[in-house]
Amino acid sequence: MLTINNLHARVEEKEILKGLNLEVKPGEIHAIMGPNGSGKSTLASVLAGREAYEVTDGSVNYLGEDLLELSPEERAQKGIFLAFQYPVEIPGVSTTNFLKTAINEIRKARGEEALDAVNFLKLMKEKMKLVNIDDTLLKRALNEGFSGGEKKRNEVFQMAMLEPKLAILDETDSGLDIDALRIVAEGVNKLRSKDNAIIVVTHYQRLLDYIVPDFVHVLYKGKIVKSGTKELALELEEKGYDWIKAEVTV
Amino acid sequence: MSIQTIDKSSLAERVISTFDTVSKQNAVVTAVRLEALTRFETLGFPSIKNEEWKYTNLKPVVNQDFVPNAVGNISAEQLQDSIIPTEKASILVFVNGAYQPALSVLTQEAEGIVVTTFKEALSKYPEIVEAHFAKYADFQKDALTAMNTAFAEDGVFAYVPDKKVLEAPVYVYFISDSQQVAPLSQLRNLIVAGRSSQAKFVTAFHTIGELHSFTNVVTEIVVGENASVEHYILQNEAEQAYIVGTTQAQLARDCHFTSHTVSLNGALIRNNLNMVLAGSNIDAHMYGLYLLNGNCHVDNHTLADHQQPNSFSNELYKGILDGKSTGVFNGKIYVKPDAQKTNAFQSNRNLVLSKDAAMNTKPQLEIFADDVKCSHGATVGQLDDEMLFYLRSRGIGFESARALLMRAFADDVLQNMTLEEVHTHVDRWIADRFL
Ligand SMILES: Nc1ncnc2c1ncn2[C@@H]1O[C@H](COP(=O)(O)OP(=O)(O)OP(=O)(O)O)[C@@H](O)[C@H]1O
Ligand SMILES: [Mg+2]
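This one's a predicted model, so the numbers in the text were calculated from it and none came from an experiment.

1. Topic: the overall build of chain B
Step number 1: Each helix and strand counted, chain B has 10 helices and 20 strands in total.
Step number 2: Taking 22 Å as the expected radius of gyration for a compact globule of 435 residues, we find that chain B reaches 21 Å, a close match to that expectation.
Step number 3: If one aligns the C-alpha atoms of chain B with their principal axes, the spans along those axes are about 65 × 55 × 45 Å.
Step number 4: Classification of the 435 residues of chain B by burial places 61% in the buried group.
Step number 5: Within chain B, contacts between residues separated by at least 24 positions form 85% of all contacts whose residues are at least 6 apart in sequence.
Step number 6: As displayed, chain B has an accessible area near 16,900 Å², and 49% of this comes from carbon and sulfur atoms.
Step number 7: Within chain B, one finds 35 positive and 50 negative side-chain charges whose respective centroids are separated by 4 Å.

2. Considering a positive patch on the surface
Residues and elements named next belong to chain A.
Step number 1: On the surface, Lys14, Lys18, Lys221 and Lys223 cluster together to form a positively charged patch.
Step number 2: Within the element layout of this structure, Lys221 appears in the loop between β11 (215–220) and β12 (223–228).
Step number 3: The exposure class of Lys221 is exposed, given its relative accessible area of 51%.

3. Side note on the site of ligand 1
Residue and element names in this part refer to chain A.
Step number 1: The local shell around ligand 1 holds 16 residues, among which Gly37, Lys40, Ser41, Thr42 and His203 are the closest.
Step number 2: Between ligand 1 and the protein, one listed contact pairs a nitrogen atom with a side-chain N or O atom of Glu12 at 3.5 Å.
Step number 3: Coverage of ligand 1 by the protein amounts to 69% of the 640 Å² it exposes when considered alone.
Step number 4: For the shell around ligand 1, the per-class residue count stands at 4 nonpolar, 8 polar and 4 charged.

4. What about the packing of helix α9 (residues 398–414) of chain B against helix α10 (residues 420–434) of chain B?
The description of two helices packed together rests on the angle between their axes and the distance between the axes.
Residue and element names in this part refer to chain B.
Step number 1: Orientation of α9 relative to α10, taken along the N-to-C sense of each, is 155°, at an axis distance of 10 Å. Comparing their axes, α10 and α9 come out roughly antiparallel. The crossing of α9 and α10 is right-handed. For the pair α9 and α10, contact is made by Ala403, Met406, Arg407, Ala410 and Leu414 and by His423, Val426, Asp427, Ile430 and Phe434, respectively.
Step number 2: A breakdown of the residues in the contact of α9 with α10 according to their chemical character gives 7 nonpolar, 1 polar and 2 charged.

5. Considerations on the coordination of the magnesium ion (ligand 2)
Ideal geometry at a metal centre: 109.5 degrees between donors when four sit tetrahedrally, and 90 or 180 degrees when six sit octahedrally.
Residue and element names in this part refer to chain A.
Step number 1: Note on the magnesium ion (ligand 2): its protein donors are Ser41 (OG) and Gln85 (OE1). The metal-donor distances range over 2.0 to 2.1 Å. In this pair, Ser41 sits in helix α1 (residues 40–48) while Gln85 sits in the loop between β6 (80–83) and β7 (90–94), placing the two residues 44 residues apart along the sequence.
Step number 2: Since its relative accessible area comes to 25%, Ser41 is described here as partly exposed.
Step number 3: Relative accessible area serves as the criterion here: at 15%, Gln85 is assigned to the buried category.

6. Some words on the environment of Gln77 of chain A
Step number 1: Within the secondary structure, Gln77 of chain A sits in helix α2 (residues 72–77).
Step number 2: Judged by relative accessible area, Gln77 of chain A falls into the buried class, the value being 15%.
Step number 3: The residues contacting Gln77 of chain A, other than those within four sequence positions of it, are Glu105, Ile106, Ala109 and Arg110 of chain A together with Gly395 of chain B.
Step number 4: At a separation of 3.0 Å, a polar atom in the side chain of Gln77 of chain A contacts the main-chain carbonyl oxygen of Gly395 of chain B.

7. Quick look at the domain arrangement of chain B
It is common to give the size of an interface as the accessible area that goes away when the parts come together.
All names here are of chain B.
Step number 1: As assigned here, chain B comprises domain 1 (11–278) and domain 2 (384–435).
Step number 2: Inter-centroid distance (C-alpha atoms) of domain 1 to domain 2 is 31 Å.
Step number 3: With 18 residues of domain 1 at the contact, the number on the domain 2 side is 10 residues.
Step number 4: Summed over both partners, the interface of domain 1 with domain 2 comes to about 1,300 Å²; 65% of that surface belongs to carbon and sulfur atoms.
Step number 5: Of all residues in domain 1, Ile84, Tyr232 and Leu264 give up the largest surface area on contact with domain 2, accounting jointly for 31% of the area buried on that side.
Step number 6: Where domain 1 packs against domain 2, one counts 5 residue pairs in polar contact (both at pLDDT 80 or more).
Step number 7: Those elements that provide at least two residues to the side of domain 1 that touches domain 2 are β8 (198–208), β10 (228–236) and β12 (256–264).
Step number 8: In terms of residue count, the dominant contributor to the side of domain 1 that touches domain 2 is β10 (4 residues).
Step number 9: For the side of domain 1 that touches domain 2, the per-class residue count stands at 10 nonpolar, 4 polar and 4 charged.

8. Digging into the interface of chain B and chain A
Step number 1: Listed by partner, the interface residues are 17 residues for chain B and 33 residues for chain A.
Step number 2: Per-residue buried area on chain B facing chain A is highest for Phe389, Tyr390 and Arg394 of chain B; these three make up 39% of the total on that side.
Step number 3: At the junction of chain B and chain A, the tally comes to 4 salt bridges.
Step number 4: Put simply, Arg392 of chain B and Glu73 of chain A hold a salt bridge, and the shortest N to O gap is 2.6 Å.
Step number 5: Taken together, the connections running from chain B to chain A amount to 13 residue pairs in polar contact (both at pLDDT 80 or more).
Step number 6: Elements with a contribution of two residues or more to the side of chain B that touches chain A: α8 (385–392) and α9 of chain B.

9. A few points about unusual backbone geometry
Step number 1: A positive phi angle, close to 65°, is found at Asp254 of chain B, a residue other than glycine.
Step number 2: Tracing the backbone shows Asp254 of chain B in the loop between β11 (241–251) and β12.

10. Section: the UniProt feature "domain: SUF system FeS cluster assembly SufBD N-terminal" (unreviewed entry) in chain B
Step number 1: Per the UniProt record, "domain: SUF system FeS cluster assembly SufBD N-terminal" (unreviewed entry) is annotated on residues 24–171 of chain B.
Step number 2: Taken end to end, residues 24–171 of chain B is 32% helix and 14% strand, and its two terminal C-alpha atoms sit 28 Å from one another.

Thresholds applied
- Residue numbering note: each chain is counted from 1, following its sequence as written.
- Chain A is the first chain written and ligand 1 is the first ligand written, with later ones labelled in order.
- Side-chain atom pairs in this predicted model are given and counted only at pLDDT of 80 or more, local residue features only at pLDDT of at least 70, and totals for whole chains, interfaces and linings cover all residues.
- Side-chain descriptors were evaluated using all non-hydrogen atoms of the structure, hydrogens and water having been removed beforehand.
- Numbering of helices and strands runs from the N terminus; a helix is a DSSP stretch of H or I covering at least four residues, while a strand is a stretch of E covering at least two.
- The globule rule used for comparison is 2.2 Å times the number of residues to the exponent 0.38, while the radius of gyration itself is calculated over C-alpha atoms.
- Type-normalised accessible area, obtained with a 1.4 Å probe on protein chains alone, sets the label of each residue: buried when under 20%, exposed when over 50%, and partly exposed for intermediate values.
- Residue contacts are counted whenever heavy atoms from the two residues lie within 4.5 Å of one another.
- All accessibility values rest on the Shrake-Rupley procedure with a 1.4 Å probe; residue burial counts only the protein chains present in the view.
- Here Asp and Glu are counted as negative and Lys and Arg as positive; His is not counted, and neither are the chain ends.
- By convention, charge coordinates are those of NZ in Lys, CZ in Arg, CG in Asp, or CD in Glu.
- Surface patches are defined over residues having more than 30% relative accessible area and no salt bridge, joining like charges when they lie within 9 Å and nonpolar side chains (Val, Leu, Ile, Met, Phe, Trp, Tyr) when within 5 Å.
- A carboxyl oxygen of Asp or Glu within 4 Å of a side-chain nitrogen of Lys or Arg is what we treat as a salt bridge.
- The cutoff for a nearby residue is simple: one of its non-hydrogen atoms must lie within 4 Å of the molecule or strand.
- Throughout this description, a polar contact denotes any pair of N or O atoms lying within 3.5 Å of each other; where both atoms belong to protein, one of them has to be capable of donating a hydrogen while the other can accept it, and for residues adjacent in sequence the pair is counted only when both atoms sit in side chains.
- Lys, Arg, Asp and Glu make up the charged group, whereas Ala, Val, Leu, Ile, Met, Phe, Trp, Tyr, Cys and Pro make up the nonpolar group; the residues left over, Gly among them, are polar.
- For helices, the fitted axis covers only the stretch in contact; all axes are lines through C-alpha atoms, and the angles between them, taken along N-to-C directions, range from 0 to 180 degrees.
- Reported orientations rely on four angle classes, namely roughly parallel under 35 degrees, roughly antiparallel over 145, roughly perpendicular from 65 to 115, and oblique for the rest.
- Each helix crossing is assigned a hand: it is left-handed if the near helix lies turned anticlockwise from the far helix by less than a right angle, otherwise right-handed if that turn is clockwise.
- Metal donors were taken as nitrogen, oxygen and sulfur atoms no farther than 2.8 Å from the ion, or 3.2 Å where the ion is Na, K or Ca. Water is excluded, so coordination may look unfinished.
- Residue ranges for the domains trace back to a domain assignment, done automatically or taken from a database.
- Buried area is calculated as the accessible area (1.4 Å probe) missing from two parts once they are joined, with the contributions of both summed.
- UniProt positions are given in the numbering used here, feature names are shortened, and annotations may be inferred rather than shown by experiment.

Below, the structure written as structure tokens:
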């Protein structure tokens, strides 16, 4: 589904990704962990198409296509979803209105009919229940004045609404209390299917109790330096990153 | 430009030569007109050397062969697109400055309320006109107000007596018919709202025709004690339209006054909006929105003149400039020595989308009282890349994402429109513009 090969990317002349390789197959869940500043969000941004990040080398293939050739909206229309580590606040745009626009632009791009108001509301209701999000929140301006947890929940709600093929969750668990975490995880698990894949970026093993990954990778200094199964996350939780840093420098 | 040949004198001379045709039926008004005429003859049209006109050059406008008092001919069908759909309204249509009874619809109001034309008011309610005409809009300093005071013979007139409520909002359409000639239209509006009365009215400008049009409008609004008045100026104009105008609001104690000015294109628009807060405990708001494109130029000059203690004024003007458009905002706040405990706020926010567009914004605060709260802020920026990316990452195309953000930018101005029908209509304009 996703093949990343020797990816190099930089922002403002600073090289951040330095030859990253990753293969994600349909149905898989990959966890990416790593110290602060190692490039996890950068990878997520590059996959979503943020223009400030310049790819200098390597390739990304998504469903047989050169992903790097596509605009951010085309990627979303083809099923990529990024749950942002820091969702932006957009005053004056209500979440409801925004999602309706998003869904219908995606449907249009796929040659499908636009959802009418009734069906859109039905879908909203269903997904709101799924992630246990409040109606009043969605009527407000997008993320404006939302608490950290509310923003994250809104990201998962959007993911549920857009039903992506490949979801990238960038620290969606950070700042969530344990109840919110469970709700978020349940939402993610409902999305799980043999055709979809999920990449979760996280610092905490506790999320992985709920969303059990098939693979765990350690991203360090712009590269994936270690990969393993869910046991690796436990080991990292226990021992920290120093032993990995040591291994890399050796 | 106009194909018809007219005398080659300057526009000012040409206008002045029409003074003979101005009705002299009311001696008081005529005396004022004569004074204003003399003033206009002295002042002439302002040039950019005039500090108040530094960024708006009228020369290319007044050098054109505009025809004063040109007879217009607009059918109801042609008018259709300019009319805002309403449930309940009084509608007055003026074409090239002349009232069109056939295109207008007046709603019956409670006893004592008058909604009519300025001309009609002059013969039917001379004492009200005499008491207020040119008492507020200063023609000594402003040449265009002087010209208007001397020559403008018609416009809307509304009188709402004490404690009365105007049930149907008044929608006034100033149409320029530039199909045959390039018209110069002058309009004079007078709104008098008595103590504890309420009124809402809309003045909308539109040019129909390919030739240029030039409109000079002066609106005097007298808001009585504890009255509540809302005024809209809607300028969804053609690229060949020039509009200059002054709205002068005279506010008495305890009143509420809100003005909304929306300008979409137009070749050149200059709006002066002056609020004189002549009493205490006044609640006054000025909202403005301008969405400019092409070679359009829009200049908003506003004034909140606090003369008495304990009043509040709030101003929010926002603009989006694209193409080669230029915008000017000049916001004056005066706090006179007596006006202690004044609260006066001003904010002007701009998005400049192209490198050829430019915005010139200037707050001008003159504060002569010491116990006041005043603030002002101005920004000129671009669309936020982070926001744009967020929307696009959800599958929303670049153009739609931009449109959403621009609509969102305008939102806190539009939110304050209490006339739902105007709000909806302006929203449609914005959607049409950006999508
Ligand atoms: N726009 C930018 N301009 C300059 N430097 C940047 C920019 N974006 C990221 N960086 C730098 O790139 C490096 C990697 O950042 P990134 O956000 O990808 O780290 P991360 O692994 O997600 O960290 P965290 O765990 O703290 O979220 C950091 O040193 C960061 O400061
Ligand atoms: Mg990060």
